[in-house]
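# Overview (structure and organization)
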Amino acid sequence: MSATRKILAEHSAKQQLKPGEFIEATVDLVLSNDVTAPIAIKEFERLGRERVFDADKVVIVLDHFTPNRDIASAEQCAMVRRFARQYGVRHFYDCGEVGIEHVLLPEEGLIKPASVVIGGDSHTCTYGALGAFATGVGSTDVAAAMATGKVWMRVPEAILVKVTGRFRRWASGKDLILYLIGKIGVDGAAYRSLEFAGDGIDSLSVDGRLTVANMVIEAGAKNGIFPVDSRAVRYLADVGVEASEWPIEADEYGYSGEVDIELGDVEPQVALPSLPSNAVAVGEAPDVRLDQVVIGSCTNGRMEDLRVAARVLKGKKAAPGVRLIIIPGSPRVYRGAIKEGLFDIFLDAGAIISPPTCGPCLGGHMGVLAAGEKAISTTNRNFAGRMGHSESEVYLSNPAVAAASAVIGMITDPGEII
Amino acid sequence: MSTSGAPMEGNVHILGDHVNTDAIIPATYLVSSDPVELGSHLMEGLDPDFPSRIKPGDIIVAGENFGSGSSREHAPLAIKGAGVACVIASSFARIFFRNAVNVGLPILESPEVVEAIEEDDRLRVDLAAGTVENLTAGVSFSVPPYPGFMRRIIDAGGLIDYLKKG
């Protein structure tokens with residue numbers, strides 16, 4: 001079976017699943033955050049259950065508006081804390097343990113291949129990078145799953161993304177996913193799975209795969225999934241998860257489509273406002289004077305991302321008037337960046353280093369844009385108003401392009417300054 | 001939302017393709033879960049005057065991929081809270097679609113119906129009968145029913161009430 005349907009069949013006690021069929025699947029992990037948990041908790045309480053289905057399988061991360069930006073967000077976190085205490089939620093991340101959820105959970109060893117993960121956050125699809133079926137749902141689904149350990153679902157068709165070759169210099173997972181979304185559009189994979197295969201996967205680090213899987217939702221996909229290869233097995237062993245290799249194979253229903261991508265064709269990309277599908281090669285991006293550069297988020301807030309940003313920024317300074325905001329995605333990434341000396345490079349470049357938070361990605365706090373301001377960002381959405389005022393603009397890129405753009409103050413190909 | 005509920009009648013507000021959840025309810029308002037409070041900011045990301053134009057019973061008609069983006073259930077809650085009776089779109093993004101079903105916001109997916117509607121038209125939507133009448137243009141359409149599994153959730157008034165019924 002397709003990797004996705006195989007996992008779903010195992011979780012709904014069926015031998016075979018047909019695309020379009022409705023199932024109730026058991027879940028291995030239910031995630032929510034300080035934005036989606038409050039509604040989930042209200043709905044959960046309406047059910048009148050005395051306990052969650054499994055306190056070990058419920059994860060809550062206070063990462064969106066934390067450290068709290070105002071009284072209303074503080075009240076929401078207070079409510080979630082009370083719930084986590086009352087129901088004994090085992091994996092509750094608060095205070096100095098907070099990381100951006102999709103950076104944090106893989107590092108914490110909470111993601112296992114062939115498991116079913118649902119989360120009250122659209123970027124829950126990130127975990128497909130490690131061979132899990134992972135998808136974003138709303139708060140009511142989270143409430144129901146916290147109570148019953150189950151989720152209703154329509155079995156998806158699947159699209160095969162065959163990746164071959166090797167990346168060019170300065171191109172990475174972010175460029176592959178922006179290129180793919182540019183090819184198929186923001187609803188090009190609507191309601192379907194994107195299953196990644198091909199020898200090009202070998203050249204994708206696990207951090208890079210997490211970036212790719214993170215943004216499959218921007219093509220409308222239900223989930224994205226990667227094979228579990230030796231690289232993934234090693235990553236999982238490092239975080240304490242035992243796993244064996246697992247390929248992506250077609251089932252009798254096959255794939256409803258195939259997209260072939262040769263990595264050598266993928267130049268560093270920039271997605272112009274205000275859809276992630278407006279992807280162009282960095283050299284074709286317009287001359288835009290930037291007010292802000294954000295490097296971080298659940299898309300690009302991992303060690304590899306900060307290392308490449310540091311490589312570009314070393315010995316250089318952000319252009320005058322450019323607010324360069326760098327957000328290590330988790331306590332582990334934060335500490336790693338300090339140990340490797342990246343903080344010195346960033347501070348010397350005039351960067352502002354934020355604690356791990358979703359913050360500016362969704363115009364929450366820690367870097368909200370005024371009317372008319374423009375930012376390049378390693379985040380995942382460039383919708384109008386996403387990072388602040390509805391007349392501000394967001395351009396999406398990988399960390400190397402964002403760092404080079406901070407130095408020049410305009411959208412810049414890193415190859416031009418290194 | 002109930003497929004067996006009473007027909008709805010209201011005036012149309014037309015929106016385009018890819019209306020995302022940041023447009024429906026900007027993230028800065030996600031510190032509330034009160035539908036009426038959320039509804040007072042409906043579509044502010046798209047048009048700051050939208051909340052003042054929307055009247056209880058009105059119907060939103062949109063193009064492709066309505067509700068794309070985040071998983072925020074605040075989006076269908078804001079639409080409900082503003083008193084919108086129903087959303088008709090050429091297609092819906094999947095998380096928005098399941099959220100609407102789960103919270104009981106009536107939605108209808110039909111490119112043919114969307115094609116035949118203009119701003120300020122008056123519509124009569126009967127989900128039980130599966131019909132949409134454009135009273136202004138004098139045309140009517142029949143729409144296919146929801147799959148059985150989904151209909152049971154919808155008829156219960158949403159996922160939590162469906163589970164409560166056991």
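Glancing now at the overall build of chain A. Counting its regular elements, chain A contains 13 helices and 18 strands. Radius of gyration (C-alpha) of chain A: 20 Å, near the 22 Å computed for a compact globule of 418 residues. If you line up chain A on its principal axes, its C-alpha atoms span 60 × 50 × 40 Å. Each of the 418 residues in chain A was classed as buried or not, and the buried ones make up 61%. In chain A, the share of contacts with a sequence separation of at least 24, taken over all contacts with a separation of at least 6, comes to 77%.

Helix and strand content of chain B: eight helices and seven strands. Taken against the 2.2 N^0.38 rule, which gives 15 Å for 166 residues, the C-alpha radius of gyration of chain B at 15 Å falls within 12% of a compact globule. Across its three principal directions, the C-alpha atoms of chain B cover 40 × 40 × 25 Å. Buried residues in chain B amount to 53% of all 166 residues. If you take every contact in chain B between residues at least 6 apart in sequence, the share linking residues at least 24 apart comes to 65%.

Further remarks concern the interface of chain B and chain A. Taken together, the contacts link 35 residues of chain B with 42 residues of chain A. In terms of residue count, the dominant contributor to the side of chain B that touches chain A is helix 5 (residues 94-103) of chain B (six residues).

By size, the foremost hydrophobic cluster in this structure holds 200 residues, and its most contacted members are Val30(A), Met146(A), Val293(A), Ala309(A), Ala403(A) and Val87(B). Non-local contacts of Ala309(A), meaning those with residues more than four positions away in its chain, are made with Ile295(A), Ile326(A), Pro399(A), Ala400(A) and Ala403(A).

Where strands meet in a sheet, backbone hydrogen bonds hold them as pairs that are either parallel or antiparallel. All names here are of chain A. Reading across the sheet, the four strands line up as 10-9-8-11 and stay open at both edges, with parallel pairing between neighbours. Two strands lie at the open edges of the sheet, namely strand 10 (223-225) and strand 11 (257-262), each paired on one side alone. In this sheet, adjacent strand axes meet at a mean angle of 20° when their direction is disregarded. Where strand 8 (residues 158-164) meets strand 11, six bridges bridge the pair, whose relative direction is parallel. Within strand 11, the position partnered with Thr164 by the bridge is Glu262. Each of strand 8 and strand 11 is contacted by helix 6 (residues 173-184), which is oriented at about 135° to strand 11, the strand it contacts most.

Further remarks concern helix 7 (residues 206-214) of chain A. Residue and element names in this part refer to chain A. Among the nine residues of helix 7, nine are classified as buried, and the element is accordingly described as predominantly covered. Of the positions making up helix 7, those classed as buried are Val206, Asp207, Gly208, Arg209, Leu210, Thr211, Val212, Ala213 and Asn214. Contacts from the buried residues of helix 7 go to helix 4 (101-107), helix 6, strand 10, helix 8 (230-238), helix 9 (297-300) and helix 10 (303-313).

All names here are of chain B. Read across the open sheet, the seven strands follow the order 4-3-2-1-5-6-7; overall the sheet is mixed. At either end of the open sheet lies a strand with only one pairing partner, and these are strand 4 (107-109) and strand 7 (139-142). Averaged over all adjacent pairs, the angle separating strand axes in this sheet is 25°, with direction ignored.

With that out of the way, let us pick up the domain arrangement of chain A. All names here are of chain A. Structurally, chain A comprises domain 1 (3-263) and domain 2 (269-416). Contact with domain 1, which involves 36 residues of that partner, is made by 33 residues of domain 2. Counting residues per element, the ones that place at least two in the side of domain 1 that touches domain 2 are helix 4, helix 6 and helix 7. In terms of residues, the side of domain 1 that touches domain 2 owes the most to one element, helix 6, which gives six residues. Here the residues of the side of domain 1 that touches domain 2 are counted per class, giving 13 nonpolar, 13 polar and 10 charged.

One can find Ser230(A) in helix 8. Taking C-alpha positions, Ser230(A) is 21 Å from Cys125(A), a pair spaced 105 residues apart along the chain.

Here chain B averages 94 in pLDDT, and 98% of its residues register 70 or above. Interface confidence for the predicted complex, expressed as ipTM, amounts to 0.96; the pTM equals 0.97.

We now examine the packing of helix 2 (residues 37-47) of chain A against helix 5 (residues 139-148) of chain A. To characterise two packed helices, one gives the angle between the axes of the helices and the distance between these axes. Residues and elements named next belong to chain A. Relative to each other, helix 2 and helix 5 sit at 45°, their axes nearing to 8 Å. Classified by the interaxial angle, the pair formed by helix 2 and helix 5 is oblique. Between helix 2 and helix 5 the crossing geometry is right-handed. Packed against helix 2, whose contacting residues are Ile39, Ala40, Glu43, Phe44 and Leu47, the element helix 5 presents Ser139, Thr140, Val142, Ala143, Met146 and Ala147 at the interface. For the contact of helix 2 with helix 5, a count of residues per class yields eight nonpolar, two polar and one charged.

All names here are of chain A. For helix 5, a buried count of nine out of 10 residues is recorded, marking the element as mostly surrounded by other parts of the structure. Listed as buried for helix 5 are Ser139, Thr140, Asp141, Val142, Ala143, Ala144, Ala145, Met146 and Ala147. Where helix 5 terminates, the next one or two residues include Gly149, which has phi positive at roughly 75°.

Right, let's talk about the pairing of strand 9 (residues 193-197) of chain A for a bit. All names here are of chain A. Taken across its five residues, strand 9 has five buried, putting it largely inside the fold. The sheet contact formed by strand 8 and strand 9 spans five bridges and is parallel. Residue pairing across strands places Ala158 opposite Ser193, the latter belonging to strand 9. Traced from strand 8 through helix 6 to strand 9, the parallel crossover comes out right-handed. As judged from the three bridges shared by strand 9 and strand 10, these two strands associate in the parallel manner. Paired with Leu194 across the bridge in strand 10 is Gly224. Taken together, strand 9, helix 7 and strand 10 form a β-α-β motif whose crossover is right-handed.

What counts and what doesn't
Residues numbered from 1 in each chain as written. Chains lettered and ligands numbered in written order. Predicted model: local features only at pLDDT ≥ 70, side-chain atom pairs only at ≥ 80, totals over all residues. Helix = DSSP H or I, 4+ residues; strand = E, 2+ residues; numbered from the N terminus. Rg over C-alpha atoms; globule rule 2.2 N^0.38 Å. Buried ≥ 20, exposed ≤ 12 C-beta atoms within 10 Å, placed from the backbone. Contact = placed C-beta atoms within 7 Å. Core = buried A, V, L, I, M, F, W, Y, C linked by C-beta atoms within 7 Å. Pairing = 2+ DSSP bridges. Axes fitted to C-alpha atoms, helices over the stretch in contact; angles between N-to-C directions. Domains from an automatic or database assignment. Nonpolar A, V, L, I, M, F, W, Y, C, P; charged D, E, K, R; others polar. pLDDT = per-residue confidence, 0-100. Parallel < 35°, antiparallel > 145°, perpendicular 65-115°, else oblique. Left-handed = near helix turned anticlockwise from the far one by under 90°. Right-handed = clockwise from strand over helix to strand, strands pointing away.

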